Amino acid sequence: MAKPKIIFACQSCGYQSPKWLGKCPDCDQWNTLVEERIERASHPRGEVALSTAEVAAPVSEISATDKPRVGSGIKEFDRVLGGGLVRGSVILIGGDPGIGKSTLLLQAFAALSHAGHTCLYVSGEESRQQMKMRAERIGITSSKLLLLSETSLERILEQIRKVNPAVVVVDSIQTIFTSSLPSAPGRIGQVRECSGAIIVLAKKKGLSTFLIGHVTKDGSIAGPRVLEHMVDTVLYFEGEGGHSFRILRAVKNRFGSTNEIGVFEMKEAGLREVNNPSEIFLMERPLGVPGSVVACSMEGTRPILIELQALVSPSFLAVPRRTTIGVDHNRVALLAAVLEKKMGIQLFNQDIFVNVAGGVRVNEPAVDLGIVAAVASSYREKAIDPKTVLVGEVGLAGEVRGIAQVEARVKEATKLGFERCILPRTNASQLSHLSGVDLTGVSSLAECWQILF
Ligand code: TYD
Ligand code: MG
C-alpha cells in the first residue's frame, strides 16, 4: 500500500509546505500550519472535470441566453445576484455567525419553491427539527422545499442525485467532510475537496448552488477565502452589532456587477427587504445640530442618502485621535489636513470622530465634501441647513472635483424632500434641466464655506 503523503497546510490561506513552519510565508499569519495527510484520490480529478467538457465553438455561434435567470422573488437578493439566479452558478455567502445567512437563504428558497422549483436545503449545523422551527418562525410551508441534516459529502451528493433539485444550499461548507480524507471537518483540505466535488456536480447538472461559509478572525476553521477562486459569485452578508440592518454585498460576480448591495432588516419573523434605504438611514437624524450632514453615496446602481456625523473636541493627547466608523480612516486624516492648510481651521490639537449613522460603510470620494462640511460644522459649532445635501470630491488643493452619476443622486435627494444640493460646479452645469431643487455649484472649499457658514 502506498504511504500517505503528509503535508502542512495553512488554515488561513491554503498555502502548502512539506514541513511545519511557525509562520505562513504566504499570508504571514502565525501558527496556522496544520498537518494533513493526502491520499491518492480513487479517480483522478481530471476525469471528473472532463466529463463536463465541451468542444470549442466560434463566439458568433454561442447564444448568451443559454443560461436564463430565475428570480427568487426577493428583489434585494436578485439585484445583488445581478438580476436573478443563473442556472448552474455557484455562489458563496460569507458572514459572521448569527448575522442571518441561514435565515436569508431559507427565505429565498421558500420563494423559489413557491415558484415551482425544487429546493434542497442541506444543513450540517442544525437538525431538521431546528430548521423546521426556523421555517415556522418565518412562516414557510412548501412541499417543494426539502430539508436535509447531513455532514457527509458522499451522502449529500447521493441525495442531490436522487432528489434532483433546481437549487441547493450547503450550510455551512466548513461542517461537511469527505471520508476520502482523514482530516477533521473544517480543515482547509476538507473544505477544498468538498466544495470541489459539489461544484463539479453543480456544473454538470446545471444546478444552482449556494455555499455558506463562516469567516472567523482567528482562523480556527478554514475561512472561505480559498473558495473565492473556485466559485462564480461571492457575497458577503454583513451588519453592525446592535443594528438590525443587514447589507448583502457582492464582492465577485461573474454574472453581474459587484458593488451592488441589498438592504434587509432583521425582524421577529425573518428578514424584511428595505426598498428605500435612504429613508431608513435618515430616520433618526437630529435636525439643526452641528456636525450632522447629509451626503449621497452610490452603492452599485443605487444612490443612498446617508447621514455623516462628526465630533471635533479639544485633545489632551500628544497625537490627537482620528477615529472613524463607516468611512476610511486615512481619507479623514487627509481631509483634516486639507481643512487645516487651506481653510485655516486648527485641527492639530483636536480629536476628530467621524461616523456614518445606521451602520453603513461608504468608500466613495463623492462623500468627501460631506465629511469636510461635517468636521467644519462641528468645529465651528454651527449647524448646516438640514434640507441641504452635499456631494463632491475634495482635492489636496482645496478644490471640489466632479463626480460620477450625479443626476441619480440629485433625484434621490429631491425625492426625499431635500431643497438644496451643493455639488461640484462642473456637475451643476450638466443638470440645468432638473427642477424642484436648488443646485449650487462650487469649485472650491472657500466657495462652499461662503454658502454654508
Ligand atoms: P441565522 O440565520 O441563524 O444566522 P447565521 O446562519 O448567519 O448564523 O440567524 C441568527 C439570528 O437571527 C439569531 O440571533 C436570531 C435572529 N433571528 C431573528 O431575529 N428573527 C428571525 O425570524 C430569525 C429566523 C432569526
Ligand atoms: Mg446558520
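Owing to the predicted nature of the structure, the values given are computational and were not obtained by experimental measurement.

## So, the site of ligand 1
Here is step 1: Close contacts around ligand 1 come from 15 residues, with Gly98, Ser102, Thr103, Arg134 and Gly270 the closest.
Here is step 2: Ile99 has a polar backbone atom sitting 3.4 Å from an oxygen atom of ligand 1.
Here is step 3: Side-chain polar atom of Arg137 to a nitrogen atom of ligand 1: 3.2 Å apart, as the coordinates give it.
Here is step 4: In isolation ligand 1 offers 560 Å² of accessible surface; the protein chains occlude 76% of this area.
Here is step 5: Of all elements in the fold, only helix 3 (101-114), helix 4 (128-138) and strand 13 (261-267) reach the threshold of two or more residues within the shell around ligand 1.
Here is step 6: Counting residues per element, the shell around ligand 1 draws most heavily on helix 3, at three residues.
Here is step 7: Among the residues making up the shell around ligand 1, the classes are represented as four nonpolar, five polar and six charged.

## Notes on the sheet that holds strand 14 (residues 270-273)
Here is step 1: Spatially, 8-7-9-10-6-11-12-13-14 is the arrangement adopted by the nine strands of the open sheet, whose pairing is mixed. With partners counted over all chains shown, the strands left at the sheet margins are strand 8 (145-149) and strand 14, one partner each. Here the average twist between neighbouring strands, direction ignored, is 25 degrees.
Here is step 2: Relative to strand 10 (residues 208-214), strand 9 (residues 167-171) runs parallel, the two sharing five bridges. Within strand 10, the residue paired with Val167 across the bridge is Ser208.
Here is step 3: On top of the sheet, helix 3 reaches strand 6 (90-95), strand 7 (119-123), strand 8, strand 9, strand 10, strand 11 (233-238), strand 12 (245-253), strand 13 and strand 14; it is set at about 160 degrees to strand 7, its chief contact.
Here is step 4: Contacting strand 6, strand 9 and strand 10, helix 6 (residues 188-205) crosses the sheet at an angle of about 160 degrees to strand 10.

## Some remarks on the domain arrangement of the chain
Here is step 1: We note that the domain assignment places domain 1 (5-38), domain 2 (70-275) and domain 3 (280-452) within the chain.
Here is step 2: For domain 1 versus domain 3, the distance between C-alpha centres works out to 46 Å.

## Brief notes about empty space enclosed by the protein
Here is step 1: Per the stated rule, a full pass over the model turns up two cavities of 30 Å³ or more.
Here is step 2: Looking at the largest cavity, its volume works out to about 70 Å³.
Here is step 3: Every residue lining the largest cavity is listed: Arg285, Pro286, Gly288, Val289, Ser292, Val293, Val294, Ile384, Asp385, Pro386 and Thr388.
Here is step 4: Taken as a whole, the second largest cavity encloses approximately 40 Å³ of empty space.

## Observations concerning the side chain of Ser278
Here is step 1: Assignment of secondary structure puts Ser278 in helix 7 (residues 277-281).
Here is step 2: Residue classification places Ser278 among the buried residues on the basis of a relative accessible area of 1%.
Here is step 3: Not counting residues within four places of it along the chain, the set of residues in contact with Ser278 comprises Pro303, Ile304, Leu305, Glu412 and Leu416.

## A short note on the side chain of Asn253
Here is step 1: Within the element layout of this structure, Asn253 appears in strand 12.
Here is step 2: In terms of polar contacts, Asn253 uses its side chain to reach the backbone carbonyl oxygen of Val80, at 3.4 Å.
Here is step 3: Among the polar contacts listed, one links the side chain of Asn253 to the backbone nitrogen of Gly256, at a separation of 3.4 Å.
Here is step 4: Contact partners of Asn253, with chain neighbours within four places excluded, come to Val80, Leu81, Gly82, Asp232, Thr233 and Thr258.

## Things to note about helix 6
Here is step 1: End to end, helix 6 covers 26 Å across 18 residues, agreeing with the expected 26 Å (1.5 Å per residue, within 8%).
Here is step 2: Of all the positions in helix 6, only Ile188, Gly189, Gln190, Val191, Cys194, Ser195, Gly196, Ile198, Ile199, Leu201 and Ala202 are classed as buried.
Here is step 3: Where helix 6 is buried, its residues meet strand 1 (5-10), strand 3 (33-38), strand 6, helix 5 (153-163), strand 9 and strand 10.
Here is step 4: In the stretch just after helix 6, Gly206 is the one whose phi turns positive, near 65 degrees.

## Quick look at the packing of helix 8 (residues 329-342) against helix 9 (residues 368-380)
Here is step 1: Closest axis-to-axis distance for the helix 8/helix 9 pair is 10 Å, and the angle between their directions is 60 degrees. Of the possible angle classes, the one that applies to helix 8 and helix 9 is oblique. The handedness of the crossing between helix 8 and helix 9 comes out as right-handed. When helix 8 is examined against helix 9, the residues Arg331, Val332, Leu335 and Leu339 are found in contact with a partner set consisting of Asp368, Ile371, Val372 and Val375.
Here is step 2: Of the residues contributing to the contact of helix 8 with helix 9, the split by class is six nonpolar, no polar and two charged.

## Comments concerning the sheet that holds strand 1
Here is step 1: Strand order across the open sheet formed by three strands is 2-1-3, with antiparallel pairing between neighbours. Since the sheet does not close on itself, it has two edges, and those belong to strand 2 (16-17) and strand 3, each with one partner.
Here is step 2: Inspection of the sheet shows strand 1 paired to strand 2 by two bridges, in the antiparallel sense. By the bridge assignment for strand 2, Phe8 is matched with Ser17.

The rules we used
Residues numbered from 1 in each chain as written. Chains lettered and ligands numbered in written order. Predicted model: local features only at pLDDT ≥ 70, side-chain atom pairs only at ≥ 80, totals over all residues. Heavy atoms only, no water. Near = heavy atom within 4 Å. Polar contact = N/O pair within 3.5 Å; in protein donor to acceptor, adjacent residues only side chain to side chain. Areas by Shrake-Rupley, 256 points an atom, 1.4 Å probe, with all protein chains shown as cover. Helix = DSSP H or I, 4+ residues; strand = E, 2+ residues; numbered from the N terminus. Nonpolar A, V, L, I, M, F, W, Y, C, P; charged D, E, K, R; others polar. Pairing = 2+ DSSP bridges. Axes fitted to C-alpha atoms, helices over the stretch in contact; angles between N-to-C directions. Contact = heavy atoms within 4.5 Å. Domains from an automatic or database assignment. 1 Å grid on protein atoms, 1.4 Å probe; cavity = no way out; pocket = protein on both sides within 12 Å on 5 of 7 lines; lining within 4 Å. Points joined across faces, edges and corners; volume = space filled by probe spheres on them. Buried < 20%, exposed > 50% of the residue type's maximum accessible area, 1.4 Å probe, protein only. Expected span 1.5 Å × (residues − 1). Parallel < 35°, antiparallel > 145°, perpendicular 65-115°, else oblique. Left-handed = near helix turned anticlockwise from the far one by under 90°.

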